[in-house]
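So you can see what is in the structure, the chains are spelled out below.
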Amino acid sequence: MYELLKGLGDWLVSAEQWTGSDGIGHRLAEHLQYSLLATLVAAAIALPIGLLIGHTGRGAFIAINLAGFGRALPTVGLVVLVFLASGLSMWPVYIALVALAVPSIVTNTYAGMTAVDPEVRDAARGQGMRWHQVLLQVELPLALPLIMTGLRLALIQVVATATIAAYVSFGGLGRYVFDGLAQRDLVQVLGGAVLVALVAVVLDLALSALQRVLFRHRPAPRAQA
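Each value, and the rule that gives it
- Residues numbered from 1 in each chain as written.
- Predicted model: local features only at pLDDT ≥ 70, side-chain atom pairs only at ≥ 80, totals over all residues.
- Heavy atoms only, no water.
- Buried < 20%, exposed > 50% of the residue type's maximum accessible area, 1.4 Å probe, protein only.
- Helix = DSSP H or I, 4+ residues; strand = E, 2+ residues; numbered from the N terminus.
- Arc of directions from axis to C-beta.
- Contact = heavy atoms within 4.5 Å.
- Expected span 1.5 Å × (residues − 1).

**Some details on helix 6 (residues 118–126)**
- Taken together, the buried positions of helix 6 are occupied by Val120, Arg121 and Ala124. Across the axial projection of helix 6, the buried residues extend over an arc of 100 degrees, all falling on one side. Seen from the open side of helix 6, the exposed residues pointing more than 90 degrees away from its buried face are Pro118, Glu119 and Gly126.
- On the buried face of helix 6, the contacting elements are helix 2 (24–56), helix 5 (91–114) and helix 7 (131–161).
- Positive phi appears at Gly128, one or two residues downstream of helix 6, with a value of about 90 degrees.

Given below as structure tokens:
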């Protein structure tokens, strides 16, 4: 174990390991690109769905169950299926990552919307607000903490799973894991796993800090004033 950890330390601090197309810097940039793009696409799909069903109360059963179905999909199996249908491209990876991220965002957005006090909605309507004003100016600000939690969970899941890009011969930090397994290089495998874990932790801490800053200075919704 000592030799493995010593080898890991040497691997991480080696100047050669940080340069070139196979260096940690390049692989880290690829991993972040896969993860952030997939999370943004998932948010663009899932947020409107969660907001709509939370605001109207319609379609909740179908949407939540579809989200649960998406969470249960085997990610690697989905990658292989899309890969066979579309050929060698990044589409299988992005589709799998988006499918993984959507459920957390939908369910947390819906939970945040349903947690809004009905009396607050009634007060907003009583002030003459239209439905979109109630949604954007009252419900959304109150639901935002749970929505942010859903985004954080989705991003962490995507970062951890983006290693599958290497499974279909693309880059990212998963390259170290799969190449290390093929070469029986435990130091490289452990290095890739440690880097993925560190990226997930750092991004989660960054979003958590952003969430605290936003909510510390957030003004009260107009309907509560």
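Further notes follow.
**Concerning helix 5**
- Taking 1.5 Å per residue as the helical rise, helix 5 with its 24 residues ought to reach 34 Å, and the 34 Å between its terminal C-alpha atoms agrees with that figure.
- Most of helix 5 sits inside the fold, with 18 of its 24 residues counted as buried.

**Digging into the environment of Pro141**
- Here Pro141 lies in helix 7.
- Pro141 gets classed as buried once you look at its relative accessible area, which sits at 18%.
- Spatially, the C-alpha atom of Pro141 lies 9.7 Å from that of Gly112, the residues being 29 residues apart in sequence.

**Quick word on unusual backbone geometry**
- Despite not being glycine, Arg184 has its phi angle at roughly 55 degrees, a positive value.
- On the secondary structure map, Arg184 appears in the loop between helix 8 (174–183) and helix 9 (186–216).

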